[in-house]
Amino acid sequence: IQGFKKISEQMNSEDVIDELDQIFLQFNEIVKKYKIQKIKTIGDAYMCAGGVPVKNITNPIDVVLAALEMEEYLGDLKIEYEKQNRQFWDLKLGIHTGAVTSTIRGRKKGSYDLQGDTVNIATRMASASESGQINISVMTYELVKQYFDCDYHGKIPVKYMGDMEMYFLRRVKKKYSADRD
């Protein structure tokens, strides 16, 4: 979530945490809907993954659909806040598809911790994104391009991998949907 620090300096910290909590609760509902695993929140960052603990062939599509829904939710919320002359943060999303190493913590309610190049590249995709955009790696693009409209966004250097192409995810293709849904 972009702009969190700036807004938190101008608002009561309790109000900021309440607003962030409201966003994360909605994100939790979205990831639950798409059978994605929430991994963790760190400050204003929300990390989730498809295919954990059960891998399936629709994971890239599920994650992309969840990202579109998260972006739409935050966009609607931002419009509400602007009508009230209140500042609101923006979202920068990054998605990458690949293998991860996972450890599970806790016996009753297990939580996952993911490591590996896939996590690092997804983080790079988010940081290379623009406000209000969903930035996906070429690997994810190749798996979802037949269902979603995307625009080429450029290349980013990735350690040990050279330059990696990126795409902005725009919407579900019109032949599958009359609107973005």
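All values reported here derive from a predicted model rather than from experimental measurement.

1. Some remarks on the overall build of the protein chain
What the protein chain contains, in helices and strands, is five helices and eight strands. N-terminal to C-terminal, the α/β element order of the protein chain is α-α-β-β-α-β-β-β-α-β-α-β-β. In terms of overall dimensions, the protein chain is globule-like: its C-alpha atoms have a radius of gyration of 17 Å, near the 16 Å expected for 181 residues. Once the C-alpha set of the protein chain is aligned to its principal axes, its extents read approximately 45 × 40 × 30 Å. Across the 181 residues of the protein chain, 39% fall into the buried class. Considering only intrachain contacts with a sequence separation of at least 6, the fraction spanning at least 24 residues in the protein chain is 57%.

2. Some details on the confidence of the model for the protein chain
When pLDDT is averaged along the protein chain, the result is 88; 95% of the residues meet or exceed 70. Within the protein chain, the lowest mean pLDDT, 72, falls on helix 1 (residues 4–10), and the highest, 97, falls on helix 5 (residues 138–144).

3. Comments concerning the sheet that holds strand 8 (residues 162–172)
Sheet strands associate in pairs through backbone hydrogen bonding, adopting either a parallel or an antiparallel arrangement. The mixed open sheet is built from four strands, whose spatial order is 3-6-8-7. The sheet is open, and its two edges are formed by strand 3 (92–95) and strand 7 (148–158), each paired on a single side. Each strand of the sheet is rotated relative to its neighbour by a mean of 30°, with strand direction disregarded. Sheet analysis places strand 7 next to strand 8, joined by 10 bridges and oriented antiparallel. Bridge pairing links Gly154 to Met166 in strand 8.

4. A word on the packing of aromatic side chains
In the structure shown here, the tally under the stated rule is seven aromatic pairs. With 5.7 Å between their ring centres and 45° between their planes, Tyr147 and Tyr176 make a pair best called tilted. Taken together, the residues Tyr147 in the loop between helix 5 and strand 7 and Tyr176 in the segment after strand 8 connect sequence positions 29 residues apart. Look at Tyr176 and you get partly exposed, because its relative accessible area is 44%. Here Tyr152 and Tyr167 contribute two aromatic rings whose centre-to-centre distance is 5.4 Å and whose plane-to-plane angle is 75°, an arrangement assigned as edge-to-face.

5. Details of the packing of helix 2 (residues 13–33) against helix 3 (residues 59–83)
The contact between helix 2 and helix 3 brings their axes to 10 Å, and the two run at 150°. With respect to helix 3, the axis of helix 2 lies roughly antiparallel. Along this stretch, helix 2 crosses helix 3, giving a crossing that reads as right-handed. Of the residues in helix 3, those in contact with Glu19, Gln22, Ile23, Gln26, Phe27, Ile30, Val31 and Lys33 of helix 2 are Ala66, Glu69, Met70, Tyr73, Leu74, Leu77 and Tyr81. Taken together, the residues of the contact of helix 2 with helix 3 break down into 10 nonpolar, two polar and three charged.

6. Some thoughts on the nonpolar core
One finds Ile23, Phe27, Ile136 and Phe148 to be the most contacted residues of the largest nonpolar core, which totals 45 residues. Secondary-structure elements contributing two or more residues to this core are helix 2, helix 3, strand 3, helix 4 (117–127), strand 6 (133–137), helix 5, strand 7 and strand 8. The leading source of residues in this core is helix 3, at 11 residues. Other than its neighbours up to four places away in sequence, Phe27 contacts Tyr46, Met70, Tyr73 and Leu91. Judged by nonpolar contacts, the second largest core, of six residues, contains Ala49, Val52, Tyr112 and Val119.

Calculation criteria
- What you see as residue numbers is a count from 1 along each chain, following the sequence as written.
- Residues qualify for local features only when their pLDDT is at least 70, as the model is predicted, and side-chain atom pairs are given and counted only at 80 or more; totals for whole chains, interfaces and linings, by contrast, use all residues.
- As a rule here, side-chain values cover all heavy atoms of the structure and leave hydrogens and water aside.
- Under the scheme used here, helices are H or I runs from DSSP no shorter than 4 residues and strands are E runs no shorter than 2 residues, and both carry numbers assigned from the N terminus.
- When we talk radius of gyration, it's over C-alpha atoms, and the globule rule is simply 2.2 Å times the number of residues to the 0.38.
- Partly exposed describes any residue whose relative accessible area lies between the buried limit of under 20% and the exposed limit of over 50%, with all areas from a 1.4 Å probe on protein chains only and scaled to the type maximum.
- Note on contacts: a residue pair qualifies if any of its non-hydrogen atoms lie within 4.5 Å across the two residues.
- As a per-residue quantity, pLDDT reports the predictor's confidence and falls between 0 and 100.
- The pairing criterion is simple: DSSP has to find at least two bridges between the two strands.
- Between N-to-C directions, angles span 0 to 180 degrees; the directions come from axes that are lines fitted to C-alpha atoms, helices contributing only their stretch in contact.
- Under the pairing criterion, centres of Phe, Tyr and Trp rings, with the six-membered ring standing for Trp, must be within 6.5 Å; the plane angle then separates stacked pairs below 30 degrees from edge-to-face pairs above 60, leaving the rest tilted.
- Oblique is the label for every angle not falling under 35 degrees (roughly parallel), over 145 degrees (roughly antiparallel), or within 65 to 115 degrees (roughly perpendicular).
- Handedness of a crossing is defined here by the sense of rotation of the near helix relative to the far one, left-handed for an anticlockwise turn of less than a right angle and right-handed for a clockwise turn.
- Under the scheme applied, nonpolar residues are Ala, Val, Leu, Ile, Met, Phe, Trp, Tyr, Cys and Pro; charged residues are Asp, Glu, Lys and Arg; polar residues are all the others, including Gly.
- Residues belong to a common nonpolar core when they are buried Ala, Val, Leu, Ile, Met, Phe, Trp, Tyr or Cys residues joined through side-chain atoms within 4.5 Å.

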